[in-house]
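Notes for the structure review
Here's the letter readout for the chains.
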Amino acid sequence: MNLNFNIEYHTRFGEELVLNLIHTDQKGNQKASQFRMGTKDGLHWSYQMNMPDKQSGTIIDYYYSVDCSGTEKAHEWTTFPHRLELNARKAHNYHIYDHWTEMPEDSYLYSSAFTDCLNRRIISVPVASDMPKTIRLSVKAPQLRANHRLVITGADDVLGAWHVDKGMRMTEHVNNEWTVDINADSLSSNEMEFKFAAIDINNGNAATWETGDNRTIDLVHLADGDISVYSLDQAFFPFHNIKIAGTLVPVFSLRSKTSFGVGDFGDLKKMIDLVAQTGQRLLQVLPINDTTITHTWTDSYPYSCISIFAIHPQYADLNQLPPLADKTLQKKFDQLRKELNALPKIDYERVNNAKVEYLREIYAQEGKRMMGTNEYRAFFKDSEAWLVPYAHYCVLRDKNGTADFSKWEGNTTWNEADRDKLTNTRTALYKEAAFHYFVQFVLSQQMKSAHDYARSKHVILKGDIPIGVNRYGCDVWMEPKYFNLNGQAGAPPDDFSANGQNWGFPTYNWDEMLKDDCAWWVRRFQNMSKYFDAYRIDHVLGFFRIWEIPADAVHGLLGQFAPSLGMSREEIEAYGLPFHEDHFTRPFISDWIVDRIFHEKAEDVKRLYLNHSHDDIYVMKPEFDTQKKIEAVFAAERQQLEAMNSDKKVLADHDSLRDGLYSLVSNVLFLRDRKDSNKFHPRISAQQDFTYEALYDCDKAVFNRLYDDYFYHRNNQFWYREAMKKLPKLVQATRMLVCAEDLGMVPDCVPWVMNELRILSLELQSMPKDPSVRFGHLSRNPYRSVCTISSHDTPTLRQWWDENTERTQCYYNTMLFLGGAAPHPLPGKLAQEIIGRHLASPSMVCVLSIQDWMAMDEDVRLADQNAERINIPANPKHYWRYRMHKNIEDLSANRKFCDMVRNSIIDNGR
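A brief report on the enclosed structure follows. This is a predicted model, so every value here is computed, not measured.

Some remarks on the overall build of the chain
The secondary structure content of the chain amounts to 26 helices and 36 strands. The principal-axis extent of the C-alpha atoms belonging to the chain is close to 100 × 80 × 70 Å. When the 104 positive and 122 negative side-chain charges of the chain are each reduced to one mean point, those points stand 5 Å apart.

Points about the packing of helix 19 (residues 716–731) against helix 20 (residues 749–756)
Closest axis-to-axis distance for the helix 19/helix 20 pair is 9 Å, and the angle between their directions is 30°. By the angle between their directions, the pair helix 19 and helix 20 is classed as roughly parallel. Between helix 19 and helix 20 lies a crossing whose hand is right-handed. Where helix 19 approaches helix 20, its residues N716, Q717, W719, Y720, A723, M724 and L727 are matched on the opposing element by C749, W752, V753 and E756. Taken together, the residues of the contact of helix 19 with helix 20 sort by class into eight nonpolar, two polar and one charged.

Topic: the sheet that holds strand 14 (residues 177–183)
As summarised here, the arrangement of the eight strands in space is 4-5-1-9-18-10-14-13, forming an open sheet in which the pairing is mixed. Taken across any chain shown, the strands that pair with only one partner, and hence form the sheet edges, are strand 4 (38–39) and strand 13 (171–174). As paired strands, strand 1 (residues 2–8) and strand 9 (residues 93–99) are joined by seven bridges and run parallel to one another. When the sheet's bridge partners are listed, N2 is paired in strand 9 with N93.

Comments concerning the packing of aromatic side chains
Tallied over the full model, the rule gives 68 aromatic pairs. Relative to Y110, the ring of W77 has its centre 5.1 Å away and its plane inclined at 85°; by these criteria the two rings are edge-to-face. One end of the pair, W77, is in the loop between strand 7 (71–75) and strand 8 (82–85); the other, Y110, is in the loop between strand 9 and helix 1 (112–118), and 33 residues separate them in sequence. As far as the burial class goes, W77 and Y110 line up, both buried. Taking the centre distance of 6.0 Å and the plane angle of 35° together, the rings of Y376 and F380 count as tilted. Placement of both Y376 and F380 in helix 5 (residues 374–400) is noted, with a separation of four residues, approximately one turn of the helix. Assessed through its relative accessible area of 6%, Y376 is described here as buried.

A short note on the nonpolar core
Counting 233 residues, the largest nonpolar core has L268, Y437, W521, F670 and W801 as the members making the most contacts within it. Residue contributions to this core peak at 13 residues, all from helix 7 (residues 428–456). If we ignore the near neighbours within four places in the chain, the residues touching Y437 are M371, Y376, F379, F380, L387, V388, A391, L422 and Y430. Of all hydrophobic cores here, the second largest spans 27 residues; its members include I135, L150, I182 and L232.

Quick notes on helix 16 (residues 648–665)
Counted at 1.5 Å a residue, the expected span for helix 16 with its 18 residues is 26 Å, and the 26 Å between its end C-alpha atoms agrees. Every buried residue of helix 16 is listed here: L651, H654, D655, L657, G660, L661, Y662, L664 and V665. Where helix 16 is buried, its residues meet strand 28 (589–590), helix 13 (591–598), helix 14 (602–609), strand 29 (610–614), strand 30 (617–620) and helix 15 (627–643). Backbone nitrogen of K649 and a side-chain oxygen of the N-cap are separated by 3.2 Å at the start of helix 16; the cap is D647.

What to know about the pairing of strand 2 (residues 15–24)
When a strand is regular, its side chains alternate between the sheet's two faces. Sheet topology places strand 2 next to strand 6 (residues 59–68); eight bridges connect them, and they run antiparallel. Counted as the bridge partner of L17 is V66 from strand 6.

Here's the deal with the pattern of salt bridges
This structure, assessed with the given rule, holds 59 salt bridges. For the salt bridge of R89 with D130, the shortest nitrogen-to-oxygen distance reads 3.1 Å. Pair noted here: R89 is in the loop between strand 8 and strand 9 and D130 is in the loop between helix 1 and strand 10 (133–140), with a separation of 41 residues, a long-range link. Note that R658 is salt-bridged to D655, the shortest N-O span being 3.8 Å. On the criterion of helical spacing, the pair formed by R658 and D655 is a turn pair, its members being three residues apart in helix 16.

A short note on the side chain of H148
Structurally, H148 is set in strand 11 (residues 148–154). Here H148 is in contact with R121, W178, A198, I199, D200 and F239, once residues within four sequence places are set aside.

With respect to the pairing of strand 21 (residues 460–465)
Counting buried residues along strand 21, six of its six residues qualify, which places the element largely inside the surrounding structure. Burial of the side chains of strand 21 extends over both faces: I460, K462 and D464 are buried on one face and L461, G463 and I465 on the other. Alignment of strand 20 (residues 282–284) against strand 21, held across three bridges, turns out to be parallel. Looking at the pairing, L282 lines up with I460 of strand 21. Two strands pair when backbone bridges link them, and strand 21 and strand 24 (residues 534–537) are joined in this way by four bridges, in the parallel orientation.

Focus on the environment of Y63
Here Y63 is to be found in strand 6. Through-space distance from the C-alpha of Y63 to that of T79 is 10.0 Å; in sequence the pair is 16 residues apart. If we skip the residues at most four places from it in the chain, Y63 touches V18, L19, N20, I22, A32, H75, E76, T78 and H82.

Points about the packing of helix 5 against helix 7
Packing of helix 5 against helix 7 brings their axes to within 7 Å, and their N-to-C directions diverge by 125°. By the angle class used here, helix 5 and helix 7 are oblique. The hand of the helix 5/helix 7 crossing is right-handed. For the contact of helix 5 with helix 7, a count of residues per class yields 14 nonpolar, five polar and three charged.

Topic: the environment of P876
As for its placement among the helices and strands, P876 is situated in the loop between helix 24 (850–855) and helix 25 (888–893). For the pair P876 and T373, spaced 503 residues apart in the sequence, the C-alpha separation amounts to 43 Å.

Description of the sheet that holds strand 28
In spatial order, the strands read 28-30-29; together these three strands make up an open sheet with antiparallel pairing. Lying at the two open borders of the sheet, with one neighbouring strand each, are strand 28 and strand 29. Across two bridges, the pairing between strand 28 and strand 30 is antiparallel. Bridge pairing links I589 to Y618 in strand 30.

Concerning the state of the cysteines
Counted by the stated rule, this structure contains zero disulfides. You can see C898 has no disulfide; the closest cysteine sulfur is in C846, sitting 18 Å from it. According to the relative accessible area criterion, C898 is buried, its value standing at 1%.

Quick look at the environment of P782
Among the structural elements, P782 can be located in the loop between strand 34 (761–764) and strand 35 (785–788). Overall, P782 belongs to the partly exposed group, its relative accessible area being 36%. Considering only alpha carbons, one finds P782 and S843, 61 residues apart in sequence, at a separation of 5.9 Å. The residues contacting P782, other than those within four sequence positions of it, are S761, E763, P842 and S843.

Some points on the side chain of S843
Tracing the chain through its elements places S843 in the loop between helix 23 (828–839) and strand 36 (845–849). Given a relative accessible area of 0%, S843 falls into the buried group. When residues no more than four places from it in sequence are discounted, the contact partners of S843 are K243, N781, P782, Y783, S785, V786, C787 and R910.

Remarks on helix 19
Spanning 16 residues, helix 19 covers 21 Å between terminal C-alpha atoms, matching the ideal 22 Å at 1.5 Å per step. Along helix 19, the helix axis deviates most sharply at M724, where the bend reaches about 35°; the proline P728 sits within four residues downstream. Along helix 19, the residues classified as buried are N716, F718, W719, E722, A723, K726, L727, P728, L730 and V731.

Looking at unusual backbone geometry
Geometrically, the link from A562 to P563 is a cis peptide bond, its omega value of -5° lying close to zero. The linkage connecting H824 with the following residue, P825, adopts the cis geometry, with an omega of -10°. Positive phi, close to 65°, is recorded for H295, a residue that is not glycine. With respect to the helices and strands, the residue H295 is situated in the loop between strand 20 and helix 3 (327–341). At D615, a residue that is not glycine, the phi angle is positive and equals roughly 50°. Checked against the element boundaries, D615 lands in the loop between strand 29 and strand 30.

Parameters and conventions
- Residues numbered from 1 in each chain as written.
- Predicted model: local features only at pLDDT ≥ 70, side-chain atom pairs only at ≥ 80, totals over all residues.
- Heavy atoms only, no water.
- Helix = DSSP H or I, 4+ residues; strand = E, 2+ residues; numbered from the N terminus.
- Lys, Arg positive; Asp, Glu negative; His and termini not counted.
- Charge placed at Lys NZ, Arg CZ, Asp CG, Glu CD.
- Axes fitted to C-alpha atoms, helices over the stretch in contact; angles between N-to-C directions.
- Parallel < 35°, antiparallel > 145°, perpendicular 65-115°, else oblique.
- Left-handed = near helix turned anticlockwise from the far one by under 90°.
- Contact = heavy atoms within 4.5 Å.
- Nonpolar A, V, L, I, M, F, W, Y, C, P; charged D, E, K, R; others polar.
- Pairing = 2+ DSSP bridges.
- Phe/Tyr/Trp six-rings, centres within 6.5 Å; stacked < 30°, edge-to-face > 60°.
- Buried < 20%, exposed > 50% of the residue type's maximum accessible area, 1.4 Å probe, protein only.
- Core = buried A, V, L, I, M, F, W, Y, C linked by side-chain atoms within 4.5 Å.
- Expected span 1.5 Å × (residues − 1).
- Polar contact = N/O pair within 3.5 Å; in protein donor to acceptor, adjacent residues only side chain to side chain.
- Salt bridge = Lys/Arg side-chain N within 4 Å of Asp/Glu carboxyl O.
- Disulfide = S-S within 2.5 Å.
- Bend = angle between axes of the 7 residues up to and from the residue.

Everything listed here is a matter of coordinates, which is why it stays silent on function.
The following block contains the structure:
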């Protein structure tokens, strides 16, 4: 059997085309066998391959790439490679005519969110043909809905003589690509004229023709045993873009009549039902990864995961497990479940202690049986690489009473040699770790079940990928080479926090990650695709540059973008600013600054915390010269004050003194580059600080120009290249729909990359990306975007409305075009109007928090709007414990509320 591959591609001198045949190795990894193609003119490339006839029936997936001196310069869009079925029984010679495939503008239609949820259709293997001479046509038609099928019709009788009902039905052999085999002997001429039509099987096979002129192909001469395979340009249809609505709610916030004081994966199925019932097509959740560090409420922060693979045990639905054989014990847990479920908020410690205790009882009772099933064996084989180290980490964390693995004697890093003992059922180490294997198996099965259930309801489950991991987590313990532990990840000052955010996460060692093509990230995304069909990249700016804060800092003000192009002394002075290194890079502390910050306590501050340098200038005492040192001293003092039952004013004054000292440490104009001591970065928001105030007006103007150039122009091309080293690998690692949180201090290169990779942006009207407007214009939202009103980090709609009356009044008059005074609190009807405007926006997805949906119905929404807040970003130790105040069952039964949501969606074109 001969395969003749042909493609047109304009190459430059020194470039050649390569045919890449995809195959899967024994470990399940995809590899490509490469074959260099030939050409006579640099445009028409071909390759002939001989294959044994016994391989008839084989399916070949392949793609083309461009090579220059052994280096790949470009390749086709590999998410959907070309596919060739060798199933023509009488064919001996396949002549394949392809065209180069770039990532299409509508690549989102190829995501599993569309192909497996919204437009779910059955993929079939084409029926083997017995024709002696065959014409095979393949065409992509991604716009087709779930109820559409593709038909080819044309001038020849075999194609229906332009009658759609007599045309040939095509087979969808891969998602969105349709194929058909035509008997070449039945065609009347060597010029084949035809067109495609979509028929609606739910509407009497009503046909919609593709746009454009009729298609024609000049057929080559075929001998018996020949088959010509033509890959055609995409078929376009006059269908409107799909726009969907959805709900954002953390899994832990779900409440049902059967949950155990926290939302679980059983509640997730009930929420999927509610979403589908109200005409929504997307359900977005926060990260579900395990965050257990201390076994206290501080572990409630869902973005501080200890494993990028492991799921938090709190999400186990105990109702899906067998009941306890001990009836008395079961009754105790049933009573505790009712007590915890009646609480208005999550009691993280009691809930998790109870659930883990229950899971240990079930493990003792059912573990041997459940871990003997084929399902468990398949799970363990698929997950062993990460599961075994994770289980060992959990054992060591609990044995040592700390997650700080630097204190685990003999186990400060993962030892691959321990794997055998941890997987040998006869060892003591296995017996300690097996419980964690069991729990992760239960969680994975339940989450996969919820995912399958969502697909069956045509609902997209959207997950969340945190930008960081906990510095004491299993990922850092297992693969420390990927992390920089001498810095902390965070965010520069923004609307959420005037001092910036310090998340405490280690930053990534991208140099090391890029050595293996970001394999750690690829594994992370591929694992997530088992449970979700869309995902949100948390803080996508971190893939361009991360805000890296020194390990000895508390606030984010002393951070700098990494990587970034620092400025030399000569560059700074070239702007016209005389550079005084000691003066600009060390805290500037003078009498007037101390007086301004501390007022009547100024003299005490000088005596206790400062050393006199010269004139009216001071320096911090060595024991207080970093924010971390100050934090440690004041934390100990605060404990003593609390032990003495000091009143709130004393505690507030104590914290105010600490914060004032923090501000002295951060009062610098420039920061020295972490890697190159001869390079410098202007300190973020320096214009708000005293060191800037002390400059002459002419120097202020120069600094402002330098500052603007540095933060908004200097690094654009550099950061673009940095992002393009990483993000393409991750975006193409799975077929999930990619969305990104691109808010904050956004450089110009971010939309360049997001458009190039077809990533959906996030649009908040209250945080417009256009600096010339106060509120975003919803009508200007790009289609490839997610529109929302609030997130887990922001006030809900009702809170925002009452937070700033002047701002609300402006919004009321200029955005809602209503006269008079804005009413407070927000009426339900007005909330419905605001939500309707967001639903009517051009954005592909409009996802609203469950709190904002309920804001429309004054009989349903929570009376205390301030109890609806999920997180306060300015507080790094916030307790994440919000729960819906209504049961999902009661919301589903509330016809008025459900009709209100459904009608709002329908009326606004979603």
